[in-house]
Amino acid sequence: MSKTISGFSKLSKSKKIDWIVNTYFSNTEEAKRVLKQYWSSNEKLQQLHDEFIENTITNYYLPLGVAPNFLINNTLYTIPMAIEESSVVAAASKAAKFWLDRGGFKATVISTTKIGQVHFMYHGDFNTLQRFFKQVKPKLIEDAKPITKNMEARGGGIIDIELRDKTSDIKGYYQLHSSFETLDAMGANFINSCLEQFAETFKNEALAFDGFSENEQDIQIVMSILSNYVPNCLVRAEVSCKVEELKEDDLISGEDFAIKFVQAVNIAEIEPYRAVTHNKGIMNGIDAVVLATGNDFRAVEAGVHAYASRHGTYSSLSHAKIEDGIFTFWMEIPLALGTVGGLTGLHPLVKLALELLHKPSAKELMQIVAVAGLAQNFAALRSLTTTGIQQGHMKMHLMNILNQFDASDNEKILLTDHFKTNVVTHSAVVEALNKLRNGA
Ligand code: MEV
């Protein structure tokens, strides 16, 4: 059967599935069964999911877990996390509990400005372009009023539009570099609509501007789009305590732990190979909450990693120090998040997740998400610098290995108990399971 098809999106869902299973699978009935077992029996809910994207054939499930005991700015939160990695929620919960007993997390929103750009080409005199921009700027803002009216009524809107000369990078290249305040909305649609309006007004007004010679009027718009780089939409999360208060068990003293911890962070600050993994651990926490709250984790990922490279080398997002006997661990990251619009009013689980978080504003959600990232980073560094990561990791992974071998509930109980005092490795689990099954 041909692997190309035209008009696929116009087929019904069942015809799409027929084509896929007949084209790509030898056991067509089994493939259909797997796809259909994830359909919701609630038809309305299924239709909602079908209509999120094009060509939906089924739903892709991720576990939604919760990490309780997060004390953030003196408010307690149970944080929802959508993630498949076994140890992430457990690690977050552990870090939350650790800091609950030491004053909790402090978080502050530093700034909330978002950026969008109209990229255009112009090959005339720069001074004339500047004069034109100065004249047209109020009209750019005026023509966008139908889009900005509601946002302005709530206190947001366009902050500024600047003309930027980029001709030293690309001949004839300029930007309308625009900044926005989008309040509780992530604001992508708002910003993009404003930018497209700016572009249209800018181009049309250029034709009527008598300062331009005939060929100068030709402003070519290349594209109008928001930037997911938001270094001025920044949040800070922090924990601190006396060094001796860091001691939790007899494995290591508070002081030795603090020193090793700061060393681990310093390594991530200067060594990109380590920084990427260090920041990946932070993103374990961030992405899980971003996803659970219906936000755009690709946008967050892209923006955060660009920020981690802002000094020219990829570096750690978090920092740590010991000063006057006080251990401080903190992070500043850019997060463009929304708690209204998009999926937030649409996806029942997202609505539930936001309610669980006391229906936060976008600023509050920025703080919660940043704290989840810092907590995750703390948990990872704590394991790495003391027991090593595998102990906790493999303990959490045990259930995955047991499920791989179709362990029964009873086998799971017995082997979970067995591995409380034995090291979990893939082969040790297989061996123990075989022994149990052979009655040994
Ligand atoms: C694993 O998902 C994340 C860690 O590798 C993070 C780190 O190394 O800091 C444990």
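Treat the numbers as computed from the prediction; the structure is a model and nothing was measured.

A. Up close: the sheet that holds strand β6 (residues 173-181). Across the sheet, four strands lie side by side as β5-β6-β4-β7; this open sheet has antiparallel pairing. Edge positions in the sheet fall to β5 (157-165) and β7 (220-226), since each has one partner strand and no second. Within this sheet the neighbouring strands show an average axis-to-axis angle of 20°, counted without direction. The pairing of strand β4 (residues 113-121) with β7 spans six bridges and is classified as antiparallel. The residue bridging Phe120 from the neighbouring strand is Ile221, located in β7. Here helix α7 (residues 188-208) sits on the sheet in contact with β4, β5, β6 and β7, set at roughly 165° to β7.

B. Here's a closer look at the packing of helix α9 (residues 272-292) against helix α10 (residues 297-308). Relative to each other, α9 and α10 sit at 150°, their axes nearing to 10 Å. With respect to their mutual orientation, α9 and α10 come out roughly antiparallel. Note that α9 runs across α10; the crossing there is right-handed. Contacts from Asn279, Met283, Ile286, Asp287, Val290 and Leu291 in α9 reach Phe297, Val300, Glu301, Val304, His305 and Ala308 in α10. For the contact of α9 with α10, the class distribution of residues is eight nonpolar, two polar and two charged.

C. Region of interest: the sheet that holds strand β8 (residues 234-242). With respect to topology, four strands assemble into an open sheet ordered β3-β8-β10-β9, the strand pairing being antiparallel. Of all the strands in the sheet, just β3 (106-109) and β9 (318-323) have a single pairing partner and so form its edges. When the angles between neighbouring strand axes are averaged without regard to direction, this sheet yields 20°. Pairing geometry for β9 and strand β10 (residues 326-334), over six bridges, is antiparallel. Opposite Ser318, over in β10, you have Met331 as the bridge partner. Sheet strands touched by α10: β8 and β10. Its angle to β10, the strand with the most contacts, is close to 120°.

Cut-off values and rules
- Numbers given to residues run from 1 along each chain, matching the order in which its sequence is written.
- The predicted origin of the model limits local features to residues at a pLDDT of at least 70 and limits the giving and counting of side-chain atom pairs to 80 or more, whereas totals for whole chains, interfaces and linings rest on all residues.
- Remark: hydrogens and water are excluded; side-chain values derive from all non-hydrogen atoms of the structure.
- The rule for pairing is simple: two strands pair if DSSP sees at least two bridges between them.
- The secondary structure listing takes helices from DSSP runs of H or I that are at least 4 residues long and strands from runs of E that are at least 2 residues long, numbered from the N terminus.
- Under this scheme, a helix contributes an axis fitted over its contacting stretch, all axes are lines through C-alpha atoms, and angles between N-to-C directions fall in the 0 to 180 degree range.
- Here a residue-residue contact requires only that any non-hydrogen atoms of the pair lie within 4.5 Å.
- Every angle not falling under 35 degrees, over 145, or within 65 to 115 is termed oblique; those three ranges are roughly parallel, roughly antiparallel and roughly perpendicular.
- Take the far helix as the reference: if the near one is turned anticlockwise from it by less than a right angle, the crossing is left-handed, and if turned clockwise, right-handed.
- All amino acids are sorted into three groups, where Ala, Val, Leu, Ile, Met, Phe, Trp, Tyr, Cys and Pro are nonpolar, Asp, Glu, Lys and Arg are charged, and the leftover types, Gly among them, are polar.

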